[in-house]
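A structural walkthrough
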Amino acid sequence: MESPNAELMSALASLFESGKYSDLTIVCGAKSYSVHRALICSRSEFFEGACRNPFRESETGVIDLTEDDPEAVEHMVSYLYHLDYLRNSISRRSSRRSSQLSSPLSRRFSTQQKPKKFNLAMVEDPLLATAYAANMSTPMTPPDDQTNQFDTGGTSKLPDSPMADQFMEDPFESVNIETSVDVEKPYLVTHAKVYAIAEKYGISGLKSLARKKFAHQLELHLDSAEFPEACQEAYETTIDTDRGLRDILIQTFRAHRDLTLRKDVELAVRDTPGLAFELFRMASGLPVTSL
Amino acid sequence: MPLFRPQGLHGDDIDFENTWSIIASAFKEIHTKNASRLSYEELYRHAYRIVLKKKGEELYNRVHQFEQDWLGHEVRGSILSLFSPNLLADAQSLGSTTANERRVAGERFLKGLKQAWGDHQVCMSMLADVLMYMDRVYCQDNRRPSIYNAAMVLFQKEILQSATSDVAGRVVLGLLNHVILDQIQMERDGDVIDKHLIKSCVYMLGDLYEDELESDDQRLYTTSFEREYLETSRGFYRGEAELLLRDSDAGAYCKQARRRIYEEEERCKSTLLEVTMPKIQKVVEDELIKNRIREVVDMESGVRFMIDNDRLTELNLVYDLNSRVDDKKDEVTRAVQKRIVAMGADVNNAALAASQAPAAAAEAGDKAKGPAQDKGLNQQTVAAIKWVEDVLELKDKFDRIWSESFQSDILLQSALTRSFADFINSSAFPRSSEYISLFIDENMKKGIKGKTEMEIDMVLDKAITLLRYIQDKDLFERYYKKHLCRRLLMNKSVSNEVEKQMISKMKIELGNNFTVKLEAMFKDMAISEELTAGFKTHVEGLGEKDPKRIELGINVLTSMTWPLETMGGAGDDDEGRRSKCNFPPSIDRIKRGFEKYYNQKHSGRQLTWLANMGSADVKAVFPKVQQRDGSTKERRHDLNVSTYGMVILLLFNELPAEENLTFEEIQAQTNIPQNDLIRNLQSLAVAPKTRILIKEPMSKDVKPTDRFSFNEGFTGKFVKIKVGVVSSGNKVESDRERRETEKKNDASREYQIEAAVVRIMKQRKELLHQQLVMETLSQLAGKFKPEVNMIKKRIENLIEREYLERIDTAEMDSYRYLA
C-alpha cells in the first residue's frame, strides 16, 4: 500500500522519467530534460520569469542552462521532481545501467569540464542513471531537436523502473542522509555547487537540503582531498552575505585547527581571499563577519 | 593537489561596463517590444554575476538611471504630444469649447496615458524578472525598494509630475484629475463616457504612491484624485440640492437623491475604486440629505402632504434617505408624530363638537330637561362611536404607512405609539376611556349582530388596540363595569360568549387584576340564573299550579362588585329610600317567598331589593270602549314596564274606572322616590305611544297636584308594548355625571396610592421622598398615572395617621415606615 505522499512522489517521478505532458525543456550542454512548467515555475521564480515574459525562452519552450554546471543542473532537476538528489537506495539496481552509460556520459562531461574535476561517469549515481535511462533512445539528441525527444520520452520508460521502489520511505520525512549517500564518496564539491545553483535560481528547499548534506558529509570526510576545493567552491559561488556553507566551514576550521596545516588547504586559503579573511578574524578572536 | 577554479565566477574576470552595455541594450529592446529575440537566461545570468561580484548597487543605479532617462525622453514626449488646445483650453475656462470637444480631447489624453502606463508596467515587470536576483539579494540586504517599485515612482515623478503647457501651471497629474472629473461631470449631466478608459487611469493612480514607502494612504488615488473628486462632488451636490429644493417637490427631491446615491455607488464600481464608495456616499448624503432633510420633510409637499395623500412610495423614500444619515430618523419621526397628534386632535375636536353642539342647543332652548337632554346624550353616543372609528381609521392609516413605507421600523413604531397615546390621553380630551367602553357597549348590543366570528374578533381587537393607549386604565374599568352592568341586568348583550371573549382579551392585555371584578359579575349572573330556576321549581313543588301566579326572575348581585350607584342615575340621597318602596301584596308575597328560599340556601346574607332596576311583564286588558275608528273590541296587551311602573299600574287595578289618583296619593301609597316616580309617570302618561294612564292636566311636566287615571281607550299596534323609562341606556355621561365619575375615581385612586405607598414603605422601611414618588408611579403605571400632588397629599395623610414618619435628621426629605 502506497501512502498518499508516496503516491504523489512516484507520480512525479514517472512524469519526469517519461517526459509525459512536458511543456518545457531545460538544456544543459548536450543534455536536455523534459520538464513541466507547472511544477518548475511554481518552485523557482527564475523559471517563472522565463516562462511568463515574452523572451525567447517562452517562445521556444527551451531554457538553456549550458552556462551552469551540468552536475548541479542535474541535481537541481532531480530535486524538483524527487525532493532529493544523489540517492543511493537504487544504486544496486542501477549499476548495470550506469556502467552501460558510463561511456557516453564521460565523453560528454569531458567536453565541458576541466579534466581535474572528478569524473561523474565513475560515480554510481542512480539519478544519473535514471536520467539517462530516460534518454537512452536518443542519447545524443541536440537541444534543437527537442520535439523528437518529447515523442519518445514516454515510450522510453523502462518496464522495470528503478523509481518504483525508490519511495518505500517517505520522502517528506527528514532526509535520511546516513543511508542515502554513499559514504565512500564525499561529494563535498557537488553539494556546494548544488547549493550555489539553488541560491542562483531561488529554490530555498534545495538550498537547505544541499547545506544539510554538505554539513553531514563534511563531518564524515574531513580528510577528503575534496575539502580544499569545496572550501573554494563555497566561498566563490555565492555572495559573501550568504552564510549557509561559510558558517559550516568556519565552524569546522574552528573545531579542527590542524586543518590549516594541510598543504592543500593552505593553497586553497591563499587562493580564496574571502576564506582567508574570515579565518584571520577567527584566529584573532573577532566575530567572523564584520557587519 | 592541483587547484580547481570554478568556471567564470572567480576574481575579476567580469567586466562591469561590458556586461552592463549588454543589459542596457537588451532593456532598450524590451522597451521597444523586441524581447522575443532576447535570452532571458542570459540576461538573468549577467545580472546575477554582477550582483555576485558585489556590483549590485551600481547595477541598481544604472537601471534606475536608464529608466529615468527613458521615461524622461521617450515617454514624456509622447504624452506631451497629446496636449491639444481643446484639452488645455477646458483646463483654463469652461465654455470656450463644447463638451463633446472636451470629451474627445480628454479621451485621447487618457488613452495615451493609459498606453504609456501599460507599457511601463509590462516592461518593468520583465526587467524586474531579469533583475530578480538583484532584488532578492541586493535590494533586500540594503533595504532599497525593488526595482519595479522604484520604476513606478519614477513614472510618477517623470511623467505625472512633469509640467504641462497649461497656464494654470498644472502638472500632468493635475490635468489627469481634471480630465477625469470633467468626464464624470459629463456623465452626471447625462452624457455617455468611456468608463473603462477612465477606470484604467484610475487603477494607475491606485497603483502609484506619493513616495517609495507605499503606505496605503499615500496612494496617488487617495492623496490627489480622490480628494479633488470629493471636493468637486460636494460642490456639485450642494448646488443640486439648492436647485432641487427650489424647483421640485419633496417626492421628486427624494427620488433624485436616491438616484444620485445609487449612481455614485455604481460609479465607484464601474469607473473609480470601491474604496471611495463610503466617502462619496457620505458626501452625497451630507449634501443631499443630512443638511437638507429637515427642509425636505417640512416642504409643502413634504411628509405632511405625503401622509395626507397616502404617498407611500414617497414616504418610503424619505424614510430611506433619513435612515441613511440618522439611525434614529429624527426628522421623519418628528414630522410623523406632529401629524399624528394634529390629526388626533382633529378627531378629538370633531367628537367634542359633535357631542357639545346639540347639548348646547338644548340648553339654550329649555332648562336642560328630560327628552331634550336625552336626545343630546344619544348624539353624544354617536359621537363616541365615531370617535373610536376615526381613531382606528387613523391607526390603520399609520399602520399601513409604517409597514409599507417605514419598513416596520421598531423606533418609528414606538414613536407612533407614543403619539397616539399623546392625543388619546390628551388633557383636552378626557373622554377616551368612556368612549372606548361605549364603543364596546354598542357593539355588544347591536354591532356584532350577524357578524362572523372572525369579524367579531376583529371588532374586539380594535377595542383592545385602543385600550392599549389608555393611560388611566382604572377610569376605563369604571366605565366598562357600569356599561357591562347595564348590559347584563337588562339582557342587552347579543352574545354572552362574545362578552366573555372580550373579558379574556382584556385579561391578556391588562392582567388578571383588571378583570377579576368583571368576571365576578358574570359569576353572579350565572348563580342568579340557577337561583331563579331553583326558586321556580321550589314554588311549583309547593302545590297546585295557580294560573295567576307571578313568575319571578331574580338577579342577586354582590354589592361590592357591581357599580349599583351608577344605575339609578340619581344621587346618593335616594339610596336610603329605595328599599322602602311598597310593593303590592301579591308582589310582596312572592318577594317574601324568595327571601325565605334564599335564606335556606345562604343563611346570614342580607338581601336588598333594588326596585329601581327591575322590570315586569304585565298582561293588560283594555275594555270595549268606543275607539277613534269606531270599533269597540276588547284589546289585550303585554306591557313591559319597569318595576316601579308595575307598582304604579297595579294601583289602578283596584280603582274603579272613573276614579283617579293624584301624584301625591301615588307617592304616598308606593313610596317610590320622587325622581323615579316622576320619570315613570312621564313614560306611562306623557310619552305618546305608551299613554296607559291619563294625566290631568296634560303637560310634559309632572306636578304634585296632577291627577292620573286609567286610559281605557288605549290602543297600540303591537301586542307587546315596551314602556321605556327615561334614561335607561348606556350613553355618554353628562358633564355632571362625568364629574361624579371622576370624583369617585379619584377617591379610589387615593386609596390605591395609599396602598402602594404603604406596600413600598413596608418593604423599604426608609426611603427618600423622590424615590418613594418614583416607585409609586411605577407601581401604578399599569392602572393610571397619578398626579404627583395627589401622591404628596396621600403621604401627608399617612403621616397624620401614623403609618409613616418624617426622618428629621435626614438632609433630603425622607420617610420611615412605622409598623
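What you see is a predicted model, and the numbers here were worked out from it, not measured in a lab.

Parameters at a glance
- In every chain, residue numbers begin from 1 and rise along the written sequence.
- The lettering of chains begins at A and the numbering of ligands begins at 1, in the order of writing.
- Per-residue local features of the predicted model are confined to residues with pLDDT of at least 70, and side-chain atom pairs are confined, for both listing and counting, to 80 or more; whole-chain, interface and lining totals are unaffected and use all residues.
- Excluding hydrogens and water, the side-chain values take into account all heavy atoms of the structure.
- By definition, any uninterrupted DSSP run of H or I lasting at least four residues is a helix, any uninterrupted run of E lasting at least two residues is a strand, and each is numbered from the N terminus.
- Think of it in three bands: with a 1.4 Å probe and only protein chains considered, a residue is buried below 20% of the maximum accessible area for its type, exposed above 50%, and partly exposed in between.
- Note on areas: Shrake-Rupley with a 1.4 Å probe; residue coverage comes only from the protein chains shown.
- Two residues qualify as a contact provided that any one of their heavy atoms is within 4.5 Å of a heavy atom in the partner residue.
- Pairing between two strands is assigned when DSSP locates at least 2 bridges connecting them.
- What counts as buried area is the accessible surface, traced by a 1.4 Å probe, that two parts surrender upon association, with contributions from both included.
- Each reported salt bridge corresponds to a side-chain nitrogen of Lys or Arg within 4 Å of a carboxyl oxygen of Asp or Glu.
- Residues belong to a common nonpolar core when they are buried Ala, Val, Leu, Ile, Met, Phe, Trp, Tyr or Cys residues joined through side-chain atoms within 4.5 Å.
- As annotated, the domain borders come from an automatic or database domain assignment.
- Lines fitted to the C-alpha atoms define the axes, with helices restricted to the stretch that makes contact. Angles between their N-to-C directions range from 0 to 180 degrees.
- Handedness of a crossing follows from how the near helix is turned relative to the far one, being left-handed for an anticlockwise turn of less than a right angle and right-handed for a clockwise one.
- Side-chain classes follow a simple rule in which Ala, Val, Leu, Ile, Met, Phe, Trp, Tyr, Cys and Pro form the nonpolar group, Asp, Glu, Lys and Arg form the charged group, and the remainder, Gly included, forms the polar group.
- Here a pair means two rings of Phe, Tyr or Trp (six-membered ring of Trp) with centres within 6.5 Å. Their orientation is stacked below 30 degrees between planes, edge-to-face above 60, and tilted elsewhere.
- Any pair of N or O atoms that falls within 3.5 Å is considered a polar contact. Within protein, one atom must be able to donate a hydrogen and the other to accept it, and sequence-neighbouring residues count only if both atoms are side-chain atoms.
- Throughout, the term roughly parallel applies to angles under 35 degrees, roughly antiparallel to angles over 145, roughly perpendicular to angles from 65 to 115, and oblique to all others.
- Scored from 0 to 100, pLDDT records how confident the predictor is in each individual residue.

Further remarks concern the overall build of chain B. In terms of helices and strands, chain B carries 31 helices and nine strands. For chain B, with 819 residues in total, the buried portion stands at 49%. Within the structure as shown, chain B displays about 41,300 Å² of accessible surface, and the carbon and sulfur contribution to it stands at 49%.

It is worth spelling out the overall build of chain A at this point. Of regular secondary structure, chain A possesses 15 helices and three strands. In chain A, the proportion of contacts linking residues at least 24 apart, taken out of those at least 6 apart, comes to 73%. Accessible surface, chain A: about 12,800 Å² in total, of which carbon and sulfur atoms supply 54%.

What follows is about the pairing of strand 9 (residues 814-817) of chain B. Relative to strand 9 of chain B, strand 7 (residues 766-768) of chain B is paired through three bridges, and the arrangement is antiparallel. In the sheet register, B:Glu766 faces strand 9 of chain B, and the bridge partner there is B:Arg816.

This paragraph deals with the interface of chain B and chain A. Put simply, an interface is often sized by how much accessible area is lost when its parts join up. Counting residues at the interface gives 36 residues for chain B and 37 residues for chain A. Summed over both sides, the interface of chain B with chain A buries roughly 3,300 Å², with 58% coming from carbon and sulfur. For the interface between chain B and chain A, the tally reads five salt bridges. Of the charged contacts in the structure, one is a salt bridge between A:Glu199 and B:Arg136, with a shortest N-O distance of 3.9 Å. For the side of chain B that touches chain A, the elements supplying multiple residues, two or more each, are helix 2 (40-52), helix 5 (99-130) and helix 6 (132-141) of chain B.

Most often, soluble globular proteins have nonpolar side chains that are buried together. All names here are of chain B. Counting 227 residues, the largest nonpolar core has Leu59, Phe109, Leu160, Leu176, Trp387 and Phe398 as the members making the most contacts within it. Per-element tally for this core: the top contributor is helix 5, with twelve residues. There are two domains that each give this core at least three residues, and those are domain 1 (16-167) and domain 2 (330-528). Ranked by size, the runner-up nonpolar core spans 34 residues in total, among them Val641, Phe663, Ala685 and Leu693.

The relative placement of two packed helices is expressed as an angle between their axes plus a distance between the axes. All names here are of chain B. In contact at an axis separation of 10 Å, helix 8 (residues 172-188) and helix 10 (residues 220-247) are set at 40 degrees when each is read in the N-to-C sense. Both helix 8 and helix 10 take part in a crossing whose hand is right-handed. Residues Leu173, Asn177, Ile180, Leu181, Ile184, Gln185 and Arg188 of helix 8 lie in contact with helix 10, whose contacting residues are Leu220, Ser224, Phe225, Glu228, Tyr229, Thr232, Ser233, Phe236 and Tyr237. Per-class residue counts for the contact of helix 8 with helix 10 are nine nonpolar, five polar and two charged.

What follows is about the pattern of salt bridges. Residues and elements named next belong to chain B. The final tally for this structure, using the stated rule, is 70 salt bridges over all chains. In this structure, Glu263 engages Arg259 in a salt bridge whose closest nitrogen and oxygen atoms are separated by 3.1 Å. With a gap of four residues between them, Glu263 and Arg259 both fall in helix 11 (residues 250-270), about one helical turn apart. A salt bridge links Asp390 to Lys386; its shortest N-O distance comes to 2.9 Å. With a gap of four residues between them, Asp390 and Lys386 both fall in helix 17 (residues 370-404), about one helical turn apart. A relative accessible area of 17% means that Asp390 is categorised as buried. Residue class for Lys386 comes out partly exposed when judged on its relative accessible area of 49%. One continuous salt-bridge network, built from bridges that share partners, spans Glu187, Arg188, Lys195, Glu264 and Arg267.

Here the focus is the sheet that holds strand 6 (residues 720-722) of chain B. Residues and elements named next belong to chain B. The three strands are arranged 1-2-6 in an open sheet whose pairing can be described as mixed. The open sheet has two edge strands, strand 1 (615-622) and strand 6, and neither has a second partner. Sheet twist, expressed as the average angle between the axes of neighbouring strands with direction ignored, equals 25 degrees. In this sheet, strand 2 (residues 635-642) lies alongside strand 1 in antiparallel orientation, the contact comprising eight bridges. Note on strand 2: the bridge partner recorded for Val618 is Leu639. In the packing of helix 26 (residues 643-653) onto the sheet, the strands contacted are strand 1 and strand 2, and the crossing angle to strand 2 comes to about 130 degrees.

Okay, the sheet that holds strand 7 of chain B next. All names here are of chain B. Read from one edge to the other, the open sheet built from three strands follows the order 7-9-8, with strand pairing classed as antiparallel. The open sheet has two edge strands, strand 7 and strand 8 (804-806), and neither has a second partner. Ignoring strand direction, the axes of neighbouring strands in this sheet form an average angle of 30 degrees. Here three bridges tie strand 8 to strand 9, and the two strands are oriented antiparallel to one another. Residue pairing for strand 9: Leu804 is matched across the bridge by Tyr817.

Turning our attention to the pairing of strand 1 (residues 24-28) of chain A. Residues and elements named next belong to chain A. Most of strand 1 is tucked away: five of the five residues are buried. Residues Leu24, Ile26 and Cys28 line one face of strand 1 and the alternating positions Thr25 and Val27 line the opposite face, and both faces are buried. Judged from the three bridges that link them, strand 1 and strand 3 (residues 62-64) form a sheet pairing that is parallel. When the bridges of strand 3 are listed, Thr25 appears paired with Val62.

Quick look at the environment of B:Leu52 now. Relative to the helices and strands, B:Leu52 is located in helix 2. As for B:Leu52 and B:Val137, which are separated by 85 residues in sequence, their C-alpha atoms are 9.1 Å apart.

With that out of the way, let us pick up the packing of aromatic side chains. Residues and elements named next belong to chain B. In this structure the tally under the stated criterion is 31 aromatic pairs over all chains. Between Tyr48 and Tyr133, the aromatic rings sit 4.6 Å apart at their centres with planes inclined by 70 degrees, giving edge-to-face as the arrangement. Here Tyr133 lies in helix 6 and Tyr48 lies in helix 2, a separation of 85 residues in the sequence. The same class applies to Tyr48 and to Tyr133, which are both buried. A ring pair is formed by Tyr221 and Phe225, whose centres lie 5.5 Å apart and whose planes are at 35 degrees; its orientation type is tilted.

Residue and element names in this part refer to chain A. The residue Asp68 is located in the loop between strand 3 and helix 5 (70-82) in this model. Separated by 40 residues in the primary sequence, Asp68 and Cys28 have C-alpha atoms spaced 7.4 Å apart. A polar contact is formed between the side chain of Asp68 and the side chain of Tyr201, at a distance of 2.4 Å.

What follows covers the side chain of B:Asn348. Residue and element names in this part refer to chain B. Following the sequence through the fold, Asn348 ends up in helix 16 (residues 330-365). Take Asn348: its relative accessible area is 3%, and that puts it in the buried class. If near-sequence neighbours (up to four positions away) are discounted, Asn348 is found in contact with Trp387, Phe423, Ser426 and Phe429.

Our focus in this paragraph is the packing of helix 5 of chain B against helix 9 (residues 195-207) of chain B. All names here are of chain B. Interhelical geometry of helix 5 versus helix 9 gives an angle of 50 degrees and a closest axis separation of 9 Å. Judged by the inter-axis angle, helix 5 sits oblique to helix 9. When you trace helix 5 past helix 9, the crossing you get is left-handed. Contacts between helix 5 and helix 9 involve Glu107, Leu110, Lys111, Leu113, Lys114, Trp117 and Gln121 from the former and Leu197, Ile198, Ser200, Cys201, Met204 and Asp207 from the latter.

This paragraph deals with the confidence of the model for chain B. Residue and element names in this part refer to chain B. Scored by pLDDT, chain B has a mean of 81; 89% of the residues are at 70 or more. Across residues 1-11 the pLDDT falls below 50, and counting only partners more than four positions away or on other chains, this stretch makes 32 contacts in the model. Taken together, the stretch residues 568-579 has pLDDT below 50 and engages in ten contacts with residues farther than four places along the chain or on a different chain.

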